[in-house]
Amino acid sequence: MTLANWMILAAALLPYLTVVVAKAGAPGFDNAAVRPSLEQQQGYRQRADWAHRNHFEAFAPFAAAVILAQAAGAAQGRIDLLAFAFVLLRLAYTGAYLAGIPRLRTALFLLGFACVVWLFLLPLSAPA
């Protein structure tokens, strides 16, 4: 299994890690009514829920880009590097989100998105 494939797994786990932060020890949290309880959260717990949702949104394009780049025969080393960078940027994005630093969060989001776009474009340079 390639590093990029491991990064797909890591990216798939990110939403679940952030929702633990949103839920764990939250006052008044009701696991029988998860969504309404999450909507009532404040501060870093609320931002953790928002990061949780964004990780789900970012996952599909990332996974598709890695799989398509590999299927097209793009350089595996480049795919691995971009996939690793994406996951690191998403971790940093989560940290900025939890800390309430919106400009940094946006910059990290855009850098991660650039990795996804680059992955989609890698097959253009692959040998035919």
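Residues numbered from 1 in each chain as written. Predicted model: local features only at pLDDT ≥ 70, side-chain atom pairs only at ≥ 80, totals over all residues. Heavy atoms only, no water.

Looking at an unreviewed UniProt entry, one finds the protein named MAPEG family protein and attributed to Roseomonas marmotae. Quoted straight from UniProt, the Subcellular location (unreviewed entry) entry for the protein says "Membrane". (UniProt positions renumbered as here; feature names shortened; annotations may be inferred.)

Across its 29 residues, helix α3 (residues 43–71) extends 42 Å between first and last C-alpha, which sits within 8% of the 42 Å expected from 1.5 Å per residue. At phenylalanine 59, α3 shows its strongest bend, of approximately 30°, with the proline proline 61 following within four residues. Looking one or two residues beyond α3, the residue adopting positive phi is glycine 73, at roughly 80°. (Helix = DSSP H or I, 4+ residues; strand = E, 2+ residues; numbered from the N terminus. Expected span 1.5 Å × (residues − 1). Bend = angle between axes of the 7 residues up to and from the residue.)

One pass over the structure, following the stated rule, counts one salt bridge. A salt bridge links aspartate 49 to arginine 53, with the nearest nitrogen and oxygen atoms 2.8 Å apart. Here aspartate 49 pairs with arginine 53, and both are found in helix α3, just four residues apart, close to one helical turn. Under the relative-accessibility criterion, arginine 53 is labelled partly exposed at 35%. (Salt bridge = Lys/Arg side-chain N within 4 Å of Asp/Glu carboxyl O. Buried < 20%, exposed > 50% of the residue type's maximum accessible area, 1.4 Å probe, protein only.)

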